[in-house]
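Commentary on secondary and tertiary structure
In case you want the letters, here they are:
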Amino acid sequence: MKFSIISDAFQQMEATTKRLELTDILVKLIQEIPEDVIAKAIYLIQGKLRPNFEGVELGIAEKLVMRAMSKSSGIPLKKIEDDYNKGGDLGQTAENILQQKIQTTFASEVITLEKVYDTLFKISKLEGKGSQEMKMKYVSSMLNDATPQESKFILKILLGTLRLGIAENTVMDALAIAFTGKKENREIIENAYNVSSDLGKVAEVISTRGVEEIEKFQIKLFSPIRPMLADRIKSGEETVEKFQEKFAAEYKLDGERAQIHKQKDKIEIFSRSLEIITSYYPDIVEKISKLIISEDVILEAEVVAMNSNSGDFLPFQELMHRRRKYEIEEAVTKYPITVNFFDVLFSEGKNCMDMRYEERRELLEKIIKQDDFARLIPMSIIESKEQVLEVLENSINSGCEGLMLKHLDSTYRAGIRGSNWLKLKREYQNELGDSLDLVVVGAFFGKGRRTGKYGTLLLSTYNDEEDVFPSICKVGTGFTDESLDQLYQILSPKVTLKKNPRIVSEMEADVWFEPELVIEIVASEITQSPIHKTALDKIKEGTGLALRFPKFTGKIRTEKNSEDASTDEEVIALYKVQKKTENQE
Ligand code: AMP
């Protein structure tokens, strides 16, 4: 398949900010892709080469790409650097620069999707001595054959800056429409994705073997399962009302979610966003096999940092010391952890997701040999409001965030946020009574001490009905010099040239980001707002909801996806509770 078919579609996608149009363009594109390359095409559309959990990273330096551009076009490196410094986007620079080249060279080979994909894949595998030179050769050979527009997109994929505003949900919608004619059939696709975490594979199977085949998708060891998520709840009372009968209350620990796959002695650990994190936890790999009595198993646990003297749990941030490539051994001894199991999804060749919570917990208790390192998350069966409050207090006294309340009959619903799991967090010291996890979508440059950094951030909630990120507030307090630096490091590679179509905001930020980073915010109250777009028209026509006196808590929730941020519904619920309390006062 000609790569120009893809790059033409990308060009059209870049030009629109409307989600429906994006989906339309994507549907048409998918319909044109032959079945033998559809998986590759789906990965490329998402700016990757393989599903996240395979950890295939492109990683290439801008400098090297500029040298390759210079080599294939004959244009001096200095000129390319100048153009890049003016525009700030190397893909765009390539299009500009190579337009000049095309006039002077003869027509070259037509570049295909397979060629681009395979070359990018080879680049991703290169490492060690001589690899830089090889990478440059590969890049310049692609640029020799590609048109300026194709070069632009090849380089954007290569540099990880392809930002078309296409979320997984949009890809699933488009696949449903392209292959079944109906968006409503997305559920079948989503189910297959939930257990495989591989949209390329889902697309390939549906395209080569039909929809019936993806209904048969099964769990497989070492392919992560999309995690089940919890709804938020305000009070213990509400829980009892919601569940109406006995339920399980587990401590909610503040750590990193880990999906642990084990087959004999082979261990792989996946994060909540389905990336491989095994290398950060060599201690788990070393110790856990002996503590699990099951040959092949998929377990879920919360990994928590702890104080080795007192045995107390430490906050989530402490785990960030493990996020290094080198000196990991040192981090392992300096920042010890415990692994706290809470679910089992697969054991001894059997899918456990359809088992009831109680049965899964019982199995988990049998499988895990507990010691200081591996434990089961404490759980009690609750029948009354008083009991919830008592367990909540105990959990907080032991350094937890609150409780996870789980329906005893509930099966494990991969990828679903529902009311079978509810989170009851402790009261934070803010009048809202709860913190919110918000997505950083834009920023305003700082002044004074904050010059050259992002002084104020524009934040959004997640509207899961429309799959967009409506703005809810600007935040400029709660930052330390250190957190400002850290945020700048994380956010500057996420800058986009235009506002991502999924961001809904009337405010014009100085810079826009790919909506990816989630941070935690507390605030004094929720107010109606003519400017912000969260819950627009839901409380009053033409009005949204905004946060008053928002403050950053210091928690950067790197383990969360933007779709895990607080939703419009949650903000509306908090707003209603606040109104009720005001009326009582
Ligand atoms: P939240 O991050 O506030 O949406 O809460 C959900 C997260 O809490 C999960 O993704 C887990 O990482 C974490 N968690 C802590 N304790 C538990 C538990 N007992 N059951 C399930 N998840 C838990």
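Nothing here was measured: the structure is a model prediction, and the numbers come from that model. (Residues numbered from 1 in each chain as written. Predicted model: local features only at pLDDT ≥ 70, side-chain atom pairs only at ≥ 80, totals over all residues. Heavy atoms only, no water.)

**What about the packing of helix 4 (residues 62-73) against helix 5 (residues 77-87)?**
Between helix 4 and helix 5, whose axes approach to 9 Å, the crossing angle comes to 125 degrees. Judged by the inter-axis angle, helix 4 sits oblique to helix 5. Crossing geometry of helix 4 relative to helix 5 is assigned as right-handed. Taken together, the residues of helix 5 that come into contact with helix 4 (itself represented by Glu62, Lys63, Met66, Arg67, Met69 and Ser70) are Leu77, Ile80, Glu81 and Tyr84. (Axes fitted to C-alpha atoms, helices over the stretch in contact; angles between N-to-C directions. Helix = DSSP H or I, 4+ residues; strand = E, 2+ residues; numbered from the N terminus. Parallel < 35°, antiparallel > 145°, perpendicular 65-115°, else oblique. Left-handed = near helix turned anticlockwise from the far one by under 90°. Contact = heavy atoms within 4.5 Å.)

**What about the pattern of salt bridges?**
By the definition in use, this model includes 44 salt bridges. Across the salt bridge formed by Glu365 and Arg361, the nearest N and O atoms sit 3.1 Å from each other. Residue Glu365 and its partner Arg361 are located together in helix 17 (residues 357-367), separated by 4 residues, close to a single helical turn. Note that Lys533 and Glu506 form a salt bridge whose closest N and O atoms lie 2.7 Å from each other. Placement of Lys533 in the loop between strand 19 (525-529) and strand 20 (544-548) and of Glu506 in the loop between strand 16 (503-504) and strand 17 (511-513) is noted, with a sequence separation of 27 residues between them. Residue Glu506 is classed as partly exposed on the basis of its relative accessible area, which comes to 48%. Members of the salt-bridge network, linked through shared partners, are Arg19, Glu168, Asp173, Arg186, Glu190, Arg226, Asp467, Arg502 and Glu563. (Salt bridge = Lys/Arg side-chain N within 4 Å of Asp/Glu carboxyl O. Buried < 20%, exposed > 50% of the residue type's maximum accessible area, 1.4 Å probe, protein only.)

**Observations concerning the site of the ligand**
The ligand sits among 15 residues. The nearest are Glu250, Arg272, Glu302, Lys423 and Lys560. Contact between the ligand and Arg257: an oxygen atom at 2.9 Å from a side-chain N or O atom of the residue. Glu302 places a polar side-chain atom, nitrogen or oxygen, 2.5 Å from an oxygen atom of the ligand. For the ligand, the accessible surface in isolation is 500 Å², of which the surrounding protein chains cover 96%. Secondary structure elements with two or more residues in the shell around the ligand: strand 2 (247-252), strand 10 (402-407) and strand 11 (417-425). Partitioned by chemical class, the residues of the shell around the ligand number 6 nonpolar, no polar and 9 charged. (Near = heavy atom within 4 Å. Polar contact = N/O pair within 3.5 Å; in protein donor to acceptor, adjacent residues only side chain to side chain. Areas by Shrake-Rupley, 256 points an atom, 1.4 Å probe, with all protein chains shown as cover. Nonpolar A, V, L, I, M, F, W, Y, C, P; charged D, E, K, R; others polar.)

**Section: the domain arrangement of the chain**
Considered domain by domain, the chain is made up of domain 1 (48-159), domain 2 (229-425) and domain 3 (436-584). Domain 1 and domain 2 are separated by 43 Å when their C-alpha centres are compared. (Domains from an automatic or database assignment.)

**Considerations on unusual backbone geometry**
If you check the backbone angles, Phe222 has positive phi at about 70 degrees while not being a glycine. Tracing the chain through its elements places Phe222 in the loop between helix 13 (211-214) and strand 1 (229-233). Not every positive phi belongs to a glycine, and Asp537 is a case in point at roughly 70 degrees. Among the structural elements, Asp537 can be located in the loop between strand 19 and strand 20.

**Some remarks on the packing of aromatic side chains**
Taken as a whole and assessed by the stated rule, the structure comprises 10 aromatic pairs. Judged by centre distance (5.4 Å) and plane angle (75 degrees), the ring pair of Phe10 and Phe153 falls under edge-to-face. Placement of the pair is Phe10 in helix 1 (residues 3-14) and Phe153 in helix 9 (residues 148-159), with a sequence separation of 143 residues. Residue classification places Phe10 among the buried positions, given a relative accessible area of 0%. A relative accessible area of 0% places Phe153 in the buried class. Taking 5.3 Å as the distance between ring centres and 35 degrees as the angle between the ring planes, the aromatic pair formed by Tyr462 and Phe469 counts as tilted. (Phe/Tyr/Trp six-rings, centres within 6.5 Å; stacked < 30°, edge-to-face > 60°.)

**Observations regarding a negative patch on the surface**
A cluster of acidic residues, Asp464, Glu465, Glu466 and Glu569, forms a negative patch on the protein surface. By secondary structure assignment, the location of Glu465 is in the loop between strand 13 (454-460) and strand 14 (469-475). Looking at Glu465, the relative accessible area reads 58%, which means it is exposed. (Patch = residues over 30% accessible without salt bridge, like charges linked within 9 Å, V, L, I, M, F, W, Y side chains within 5 Å. Lys, Arg positive; Asp, Glu negative; His and termini not counted. Charge placed at Lys NZ, Arg CZ, Asp CG, Glu CD.)

**Comments concerning the packing of helix 4 against helix 9**
For the pair helix 4 and helix 9, interaxial distance at closest approach is 11 Å and the crossing angle is 155 degrees. One finds that helix 4 runs roughly antiparallel with respect to helix 9. Crossing of helix 4 against helix 9: the hand is right-handed. Side by side, helix 4 and helix 9 meet where Glu62, Val65 and Met69 of the first sit next to Leu155, Leu158 and Leu159 of the second. In terms of residue class, the contact of helix 4 with helix 9 is made up of 5 nonpolar, no polar and 1 charged.

**Section: the environment of Lys201**
Its location among the elements puts Lys201 in helix 12 (residues 199-209). Judged by its relative accessible area of 33%, Lys201 is partly exposed. The sequence separation of Lys201 and Lys423 amounts to 222 residues, and the corresponding C-alpha distance is 33 Å. The contact partners of Lys201, leaving out residues within four places of it in the chain, are Tyr43, Phe217 and Lys220.

**Some details on the sheet that holds strand 2**
Sheet architecture is open: 5 strands sit in the order 1-11-10-2-9, paired in mixed fashion. Edge positions in the open sheet fall to strand 1 and strand 9 (379-382), since each of these has one partner strand only. On average, adjacent strands in this sheet sit at an angle of 35 degrees to one another, irrespective of strand direction. Sheet topology note: the strand 10/strand 11 ladder contains 5 bridges and is antiparallel. Considered in strand 11, the bridge of Leu403 is made with Leu424. Those strands touched by helix 18 (residues 385-397) are strand 2, strand 9, strand 10 and strand 11, and its axis lies near 135 degrees from that of strand 10. (Pairing = 2+ DSSP bridges.)

**Looking at the UniProt feature "active site" (unreviewed entry) in the chain**
The positions that UniProt labels "active site" (unreviewed entry) are, in the present scheme, Lys252. Among the structural elements, Lys252 can be located in strand 2. Discounting residues that sit within four places of it in the chain, Lys252 has contacts with Cys400, Glu401, Gly402, Leu403, Met404, Lys423 and Lys425. (UniProt positions renumbered as here; feature names shortened; annotations may be inferred.)

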